[in-house]
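# Analysis of the macromolecular model
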Amino acid sequence: MDNFNTIKKLKNGTVPEKQELALLLRTITSEQTEDLRHAAQEKAQSVFGNKVYIRGLIEISSYCKKDCLYCGLRRSNKNAVRYRLDKAQILSCCETGYRLGFRTFVLQGGEDPYYTDDIMCGIVSEIRRHYPDCAITLSLGERGYESFKRLYEAGADRYLLRHETANAEHYSRLHPKSMTLRTRIESLYTLKEIGFQTGAGFMVGSPWQTYENLAEDLLFISELKPQMCGIGPFIPHKDTPFGNKPAGTLETTLVLLSVIRLLHPPVLLPSTTALGTIHPKGRELGILHGANVVMPNLSPAEHRKDYSLYDNKICTGEEAAECIRCLSLRMKNIGYEIVTDRGDFKQT
Ligand code: SAH
Ligand code: SF4
């Protein structure tokens, strides 16, 4: 067992063993990282060319009834400033976004009971009616079969629900007792079955995570084959129990992006804001390591700083138009082009 063979397997489309993946992540050299990066970038380009898809992120609520230990929006965080957007505010974000070329809107928020199925379906169907050519992505946490189904029928196309970690023991250390990995995974299979393009994903470097855990995440992705996969470094938030824990690293996140691209070539893989937060060129590096999506912020500028999942989040000061201009330039500088396209999942 050595990294050379593991990398060879990844390039051939063979799924390595868990121990091989763990060893690779633990001991990869800079030459091997570059080799993997090159293969992943080539693979991404064979599917998407030099095109990067954009998703307009609308952070609809900072209220959350859950208490995930890592997250600044957790309900126990009494210092969090809470806001929520109503239908008119969300539609106005979409209007701005549409004018700027966005054809996917991602409505993300804490698990806020204000958004009952009736309210949420009302919002989704209104966006659907105004923007029939756009994809609607939801990222609103766990809601149960009936709710997911109604949202799908109201016109939502995609759902992001990261599994966070595929190891049940590790999951239980990151979440209160009331949350289980089993429910997460069942939700992901339910979403897929309903017909959503479904996004799983995990944090890199979350407290107590081992390289074996990350290998389990990779194997879970290669088994579930989600249409999307969101990964980014864990970043501490000062008002959470993990406030003093170290952040995940740029290097490991980049290697993981490359491995995921090779394990599941058609996956829609964002270069995340968290990656851009831990390194000034993080999002560019993510694309160069095999990612193909960026998610500029379309949230109203006055609320951005209050959607605080982790400390020092970037792009909380700008208007949407500035964000897209900045990202277009960043992508152009590395030879990529942002496109106006729904950017749906396509099986290769
Ligand atoms: N409430 C929804 C959506 C908002 S949270 C949900 O939980 O699915 C979106 C993602 O932010 C989470 O899936 C998690 O992976 C990420 N996140 C939360 N806190 C974070 C932190 N401290 N560092 C990095 N990512 C974090
Ligand atoms: Fe709520 Fe999502 Fe944060 Fe968990 S990760 S506390 S569900 S916003």
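Residues numbered from 1 in each chain as written. Chains lettered and ligands numbered in written order. Predicted model: local features only at pLDDT ≥ 70, side-chain atom pairs only at ≥ 80, totals over all residues. Heavy atoms only, no water.

## Focus on the overall build of the protein
Helix and strand counts for the protein come out as 13 helices and nine strands. Computed over its C-alpha atoms, the radius of gyration of the protein comes to 19 Å, within 12% of the 20 Å expected for a compact globule of 348 residues. Projected onto its principal axes, the C-alpha coordinates of the protein cover approximately 55 × 45 × 40 Å. A total of 348 residues make up the protein; the buried ones form 59% of that total. Long-range contacts, defined as pairs at least 24 residues apart, comprise 74% of the intrachain contacts of the protein with a sequence gap of at least 6. In the form shown here, the protein has an accessible surface area of approximately 14200 Å², with 50% of it arising from carbon and sulfur atoms. (Helix = DSSP H or I, 4+ residues; strand = E, 2+ residues; numbered from the N terminus. Rg over C-alpha atoms; globule rule 2.2 N^0.38 Å. Buried < 20%, exposed > 50% of the residue type's maximum accessible area, 1.4 Å probe, protein only. Contact = heavy atoms within 4.5 Å. Areas by Shrake-Rupley, 256 points an atom, 1.4 Å probe, with all protein chains shown as cover.)

## A closer look at the sheet that holds strand β1 (residues 51-54)
Spatially, β8-β1-β9 is the arrangement adopted by the three strands of the open sheet, whose pairing is parallel. Bordering the open sheet on either side are β8 (293-294) and β9 (337-339), each of which pairs with just one other strand. Bridge count between β1 and β8: two bridges; the pairing is parallel. Residue pairing in the sheet places Ile54 in a bridge with Val294 of β8. Against the sheet, helix α13 (residues 320-333) touches β1, β8 and β9, its axis set at about 135° to β9. (Pairing = 2+ DSSP bridges. Axes fitted to C-alpha atoms, helices over the stretch in contact; angles between N-to-C directions.)

## What about the pairing of strand β2 (residues 56-61)?
Buried residues dominate β2, accounting for six of its six residues. As defined by bridge partners, β2 adjoins strand β3 (residues 104-109) across five bridges and the pair is classed as parallel. Opposite Glu59, over in β3, you have Gln108 as the bridge partner. Handedness of the β-α-β unit built from β2, helix α4 (residues 87-99) and β3 comes out right-handed. (Right-handed = clockwise from strand over helix to strand, strands pointing away.)

## Some remarks on the packing of helix α9 (residues 211-224) against helix α10 (residues 250-263)
Helix-helix packing: each pair is described by the crossing angle between the helix axes and the interaxial distance. Two numbers describe how α9 lies on α10: the axes approach to 10 Å, and their chain directions differ by 25°. It follows from the interaxial angle that α9 and α10 lie roughly parallel. You can see that α9 and α10 cross each other, and the crossing is right-handed. Across the interface between the two elements, Leu214, Leu218, Ile221 and Ser222 of α9 pack against Thr252, Leu256, Val259, Ile260 and Leu263 of α10. (Parallel < 35°, antiparallel > 145°, perpendicular 65-115°, else oblique. Left-handed = near helix turned anticlockwise from the far one by under 90°.)

## Looking at the packing of aromatic side chains
Under the defined criterion, the tally for this structure stands at nine aromatic pairs. Ring centres of Tyr114 and Tyr115 lie 4.8 Å apart, and the angle between their planes is 90°; this geometry places the pair in the edge-to-face category. Judged by relative accessible area, Tyr115 falls into the buried class, the value being 4%. Look at Trp208 and Phe242: their rings are 5.5 Å apart centre to centre, the planes differ by 80°, and that puts the pair in the edge-to-face class. Of this pair, Trp208 sits in the loop between β6 (197-204) and α9 while Phe242 sits in the loop between β7 (228-233) and α10; the two residues are 34 residues apart in sequence, bridging distant segments of the chain. A relative accessible area of 39% places Trp208 in the partly exposed class. Residue Phe242 is classed as buried on the basis of its relative accessible area of 2%. Through a chain of ring-to-ring contacts, the aromatic side chains of Phe148, Tyr152, Tyr159 and Phe196 assemble into a single cluster. Over the aromatic face of Trp208 sits the side chain of Arg173, whose NZ or CZ is 4.3 Å from the ring centroid. (Phe/Tyr/Trp six-rings, centres within 6.5 Å; stacked < 30°, edge-to-face > 60°. Lys NZ or Arg CZ within 6 Å of the ring centre and 35° of its normal.)

## A short note on the sheet that holds β3
The parallel open sheet is built from six strands, whose spatial order is β2-β3-β4-β5-β6-β7. A single partner strand is all that each edge strand has here, and the edge strands are β2 and β7. Averaged over all pairs of adjacent strands, the angle between strand axes in this sheet comes to 20°, irrespective of strand direction. Sheet strands in contact with helix α8 (residues 181-194) are β5 (158-160) and β6, and its direction is about 155° off that of β6. In this fold α9 packs onto β6 and β7, with an angle of close to 175° to the strand it touches most, β6.

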